[in-house]
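Chain by chain, the residues run as shown.
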Amino acid sequence: MSTSRRTLFGTAALAGAAAAAAAPAPAQAATLFNLPQVTIPVVGMAETFPVRRIYCIGRNYAAHAREMGSDPTREPPFFFQKPTDAIQFVAPGTVADHAYPTLTRNYHYEVELVAALKSGGRNISRERALEHVFGYAVGLDMTRRDLQRFMGDQKKPWEIGKSFDSSAPIGPIHPVARVGHFTKGAISLAVNGVVKQNATLEHMIWSVAEQIAQLSEAFELRAGDIIYSGTPENVGPVVKGDVLLCKIAGLPDLSVKIV
Ligand code: MN
């Protein structure tokens with residue numbers, strides 16, 4: 001991924017952004033070292049999408065909630081985050097190598113629709129939520145299932161199971177202007193040509209608009225935030241050599257090989 005291309009939104013240093021609100025912008029202090037801005041290519045645009053935060057919703061398809069041991073009819077949505085640099089961009093038409101991570105013996109796929117925000121705010125209404133969506137992508141919420149469950153069983157944070165390096169493969173972002181919004185349509189994942197996950201986006205318990213509204217009650221959403229919108233049932237393990245093929249109707253396929 002290039003770090004030299006222009007991004008869609010300004011990415012001022014955080015301290016500078018706070019200072020600018022109070023006083024005329026002072027000269028920016030130099031940082032000790034440079035950190036690359038994580039970006040995702042945008043279809044049809046020269047600018048890339050700069051990633052600010054990665055939110056993920058849990059158990060957002062009823063059959064998947066049941067397979068994870070919960071009752072989907074009574075639970076409000078819940079969210080977790082992945083670090084921004086968990087992004088692994090995968091170009092359409094390629095099969096990217098994805099490294100089997102350390103510490104797990106039960107590494108799972110979760111295919112998900114990803115919504116990318118161009119703006120945000122607090123307490124966004126469900127009715128206006130989609131106005132903040134810049135575009136959509138196909139993503140994988142890769143999961144060390146054994147560690148997620150082990151930590152959950154001990155009532156400890158499950159970050160080690162969800163929020164590790166390269167845990168967020170994603171394809172390019174397609175602007176809403178090109179593809180519209182995604183509220184229905186097929187979503188599937190195959191392993192070595194065998195379909196494992198196969199559902200439609202209509203099976204989401206909480207729509208993308210509802211997720212944005214709910215998230216904005218807990219966090220101020222901003223341009224650059226992306227939301228992994230949950231996975232259907234039939235998640236499962238991979239081993240080295242497996243090839244995953246993710247499909248969402250209206251977007252190009254995303255494929256990785258576990259190495
Ligand atoms: Mn997920």
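Further up the page is the structure itself.
This report concerns the structure included in the present document. None of these values were measured; they are calculated from a predicted model.

Rules behind the numbers
- Residues numbered from 1 in each chain as written.
- Predicted model: local features only at pLDDT ≥ 70, side-chain atom pairs only at ≥ 80, totals over all residues.
- Heavy atoms only, no water.
- Donors = N, O, S within 2.8 Å, 3.2 Å for Na, K, Ca; no water.
- Helix = DSSP H or I, 4+ residues; strand = E, 2+ residues; numbered from the N terminus.
- Buried < 20%, exposed > 50% of the residue type's maximum accessible area, 1.4 Å probe, protein only.
- Salt bridge = Lys/Arg side-chain N within 4 Å of Asp/Glu carboxyl O.
- Pairing = 2+ DSSP bridges.
- Axes fitted to C-alpha atoms, helices over the stretch in contact; angles between N-to-C directions.
- 1 Å grid on protein atoms, 1.4 Å probe; cavity = no way out; pocket = protein on both sides within 12 Å on 5 of 7 lines; lining within 4 Å.
- Points joined across faces, edges and corners; volume = space filled by probe spheres on them.
- Nonpolar A, V, L, I, M, F, W, Y, C, P; charged D, E, K, R; others polar.

All of the protein donors around the manganese ion are E110 (OE), E112 (OE) and D141 (OD); their distances to the metal are 2.0 to 2.1 Å. Between the donor residues of the manganese ion, the gaps in sequence give the motif E-x1-E-x28-D. A residue pair is termed long-range when its members are at least 10 positions apart, and E110 in the loop between β7 (107-109) and β8 (111-117) and D141 in the loop between β9 (133-140) and β10 (143-144) qualify at 31 residues. We note that E110, like D141, is buried.

Time to look at the pattern of salt bridges. Applying the stated criterion across every chain yields a total of eleven salt bridges. Of the charged contacts, one joins E220 and R122 as a salt bridge, the two residues approaching to 3.1 Å between their closest N and O atoms. In this pair, E220 sits in the loop between α6 (208-218) and β15 (226-228) while R122 sits in the loop between β8 and β9, placing the two residues 98 residues apart along the sequence. A relative accessible area of 32% means that E220 is categorised as partly exposed. For R122, a relative accessible area of 59% puts it in the exposed group. In this structure, R128 engages E131 in a salt bridge whose closest nitrogen and oxygen atoms are separated by 3.0 Å. With a relative accessible area of 51%, R128 lands in the exposed category.

The strand order across the open sheet built from five strands is β6-β18-β17-β13-β14, with neighbouring strands paired in mixed fashion. Single-partner strands in this sheet number two, and they are β6 (96-98) and β14 (194-200). Taking the axes of each pair of neighbouring strands and ignoring which way they run, one obtains an average angle of 20° across the sheet.

With that settled, consider empty space enclosed by the protein. With the rule as written, the count across this model stands at three cavities of 30 Å³ or more. G58, R59, H64, E110 and K162 are the residues nearest the centre of the largest cavity, which is lined by 17 residues in total. Size it by volume and the second largest cavity reaches roughly 60 Å³. Lining the second largest cavity are G58, R59, A65, S70, D71, P72, E75, P76, P77, F78, I205 and W206. In terms of residue class, the lining of the second largest cavity is built from seven nonpolar, two polar and three charged.

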